[in-house]
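Descriptive analysis of the structure
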Amino acid sequence: MDHHHHLLPPTTTIQWNTILRSSPPHRALSLYPHMLRSGVHPNKFTFTFLIKACLQIPNPLKHIHCHLIKLNLSSDPFLLSALIHSYSSHPRHLPTVRSFARISPRHDPVIQTSLVTALFNLGDHIAARRTFDAMPVRTPASYAALVSAYARAGLHADALRAFHEIPGPPTEAAAVSALSSAARLGDLDAGARVHLSAVGEGRLRLSAGLGTALLTMYARCGRVDRAVEVFSSMRARDATAWTAMVSALAAHGMTERALALFEEMVGCGVQPDRVAYVAVLSACARAGLVEAGRRCFERMVSSHGIEPGREHYGCMVDLLGRAGRVKEAWELVRSMPMEPDSIVLKALLSACSGGEDVGAAEWAVGRLMELNPDDTSPYVLLANLYAGVHRWVDVARVRRTMRARGAVKVAGASGVAVNGKVHRFMVGDSEWNS
């Protein structure tokens, strides 16, 4: 047993806990038996670290649970909540969580709230709601957990209904979850009602988190003017809030304003993150601002030390492709330090749709077929591309390949939209209809 950061073997519970806390999950769980053999008694902090390790490696969870019971620690509400949380991360533990729901003390809102969240995570929404309704004491935190669980499960109408059931002022967490549900539904009236009941009557202060949720909701519901109002009235703005506002302006085609706001953000000393750069690069791509996009891409590395990811390369390929600079887009993809994913490759392929560079298209299709042999849409695009430049022999060859791969036969004329232009195959083409 190597204790690289301890010269002497640990002899006290505190020393053992320090090692467990700083060890990766596998190691923490394998060290626990050594701790027991050394005669040192674990305490509740020991189990906090071990239960957390079980989120990654669930197999020992039952053993850890048994030890908790043996050591009379199983009634500690925070340990029990952590245990329930760990059980909820693996579907096979649903029966265990259900039995917890039957036997755990009803009067403890912390444990009951953990159970509601766990049952939602495991997909048993009915049992979760039943558990919530049976709680004799429901705290603002338990209501927030219910709204959040509905929102995470994609039950957005239920999340909004649960939000309006809250007696008294809602918590910020509940309001943020309800706003995200309204945004997902694109329901402006529902979002405005949440806005009123959260911030109206001076209930909650407009924090960075709540402000971001509000402006995102308004932007998603098509009211970018209201999003701007919220952003302007925010006292506290973090990087996430700035990024959300830049993204909202960019998504609504207000490219100049999005870029100006990005500059203001940097000027205020706020460090833009990877997401902010995706927002700004995609805004440049939509507006066809090649030079502005290039400068941003370079600044990302030189000024902010962010290594571009696939998503940033995807934006740049889209930008260059829309501007008809296919050669440059292809060079950029080949210079990527990581393997291009299908999004980047498809961006390159659609950049080739005007027939400018068949070589780049063939290369992209080859890579796409390696990534996902079952997806035949790249072949359709390539056949269209050949048809566009009257290379009928190649069209026939691609279609033969598709048939050999069991591609779906398309009857009559097949229209495939590439970059908004629809290319049609001819009905009388015997290769296609045979």
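Reading guide: rules and limits
Residues numbered from 1 in each chain as written. Predicted model: local features only at pLDDT ≥ 70, side-chain atom pairs only at ≥ 80, totals over all residues. Heavy atoms only, no water. Buried < 20%, exposed > 50% of the residue type's maximum accessible area, 1.4 Å probe, protein only. Helix = DSSP H or I, 4+ residues; strand = E, 2+ residues; numbered from the N terminus. Arc of directions from axis to C-beta. Contact = heavy atoms within 4.5 Å. Axes fitted to C-alpha atoms, helices over the stretch in contact; angles between N-to-C directions. Parallel < 35°, antiparallel > 145°, perpendicular 65-115°, else oblique. Left-handed = near helix turned anticlockwise from the far one by under 90°. Nonpolar A, V, L, I, M, F, W, Y, C, P; charged D, E, K, R; others polar. UniProt positions renumbered as here; feature names shortened; annotations may be inferred. Phe/Tyr/Trp six-rings, centres within 6.5 Å; stacked < 30°, edge-to-face > 60°. Lys NZ or Arg CZ within 6 Å of the ring centre and 35° of its normal.

Named according to an unreviewed UniProt entry, the protein chain is Pentatricopeptide repeat-containing protein originating from Acorus calamus.

Our focus in this paragraph is helix H6 (residues 94–103). Within the span of H6, buried status applies to Leu94, Thr96, Val97, Phe100 and Ala101. Angular distribution of buried residues about the axis of H6 spans 160°; they occupy a single face of the element. For H6, the exposed residues set more than 90 degrees away from the buried face come down to Pro95, Arg102 and Ile103. Against helix H4 (61–70), helix H5 (77–87), helix H7 (109–121) and helix H8 (125–133) lie the buried residues of H6.

Bringing the environment of Ala173 into the picture now. Summarising the element assignment, Ala173 is placed in helix H11 (residues 172–185). Along the chain, Ala173 and Leu210 lie 37 residues apart, while their C-alpha atoms are 8.3 Å from each other.

Next up on the list: the packing of helix H18 (residues 290–302) against helix H19 (residues 310–322). Where H18 contacts H19, the two axes come as close as 10 Å, and the packing angle between them is 160°. It follows from the interaxial angle that H18 and H19 lie roughly antiparallel. Between H18 and H19 lies a crossing whose hand is left-handed. Contact residues: H18 offers Val290, Gly293, Arg294, Phe297 and Met300, while H19 offers His312, Tyr313, Met316, Leu319 and Leu320. Its residues assigned to classes, the contact of H18 with H19 comprises seven nonpolar, two polar and one charged.

Okay, the UniProt feature "repeat: PPR" (unreviewed entry) in the protein chain next. In this numbering, the UniProt entry assigns the feature "repeat: PPR" (unreviewed entry) to residues 238–272 and 273–308. The span residues 273–308 is 75% helix and 0% strand, and its two end C-alpha atoms sit 11 Å from each other.

Right, let's talk about the packing of aromatic side chains for a bit. How two aromatic rings sit relative to each other is given by the distance of their centres and the angle of their planes. Under the definition given, this model contains eight aromatic pairs. Ring centres of Tyr87 and Phe100 lie 5.8 Å apart, and the angle between their planes is 55°; this geometry places the pair in the tilted category. Taken together, the residues Tyr87 in helix H5 and Phe100 in helix H6 connect sequence positions 13 residues apart. Between Phe120 and Tyr150 the ring centres are 4.9 Å apart and the planes differ by 75°, which places this aromatic pair in the edge-to-face class. One end of the pair, Phe120, is in helix H7; the other, Tyr150, is in helix H9 (residues 140–152), and 30 residues separate them in sequence. When its relative accessible area of 5% is taken as the criterion, Phe120 is described as buried. Given the relative accessible area of 8%, Tyr150 is considered buried. Taking NZ or CZ as reference, Arg237 lies 4.1 Å from the ring centre of Phe231, over its face. Here Arg334 stacks its cationic end above the ring of Trp330, 3.9 Å away from the centre of that ring.

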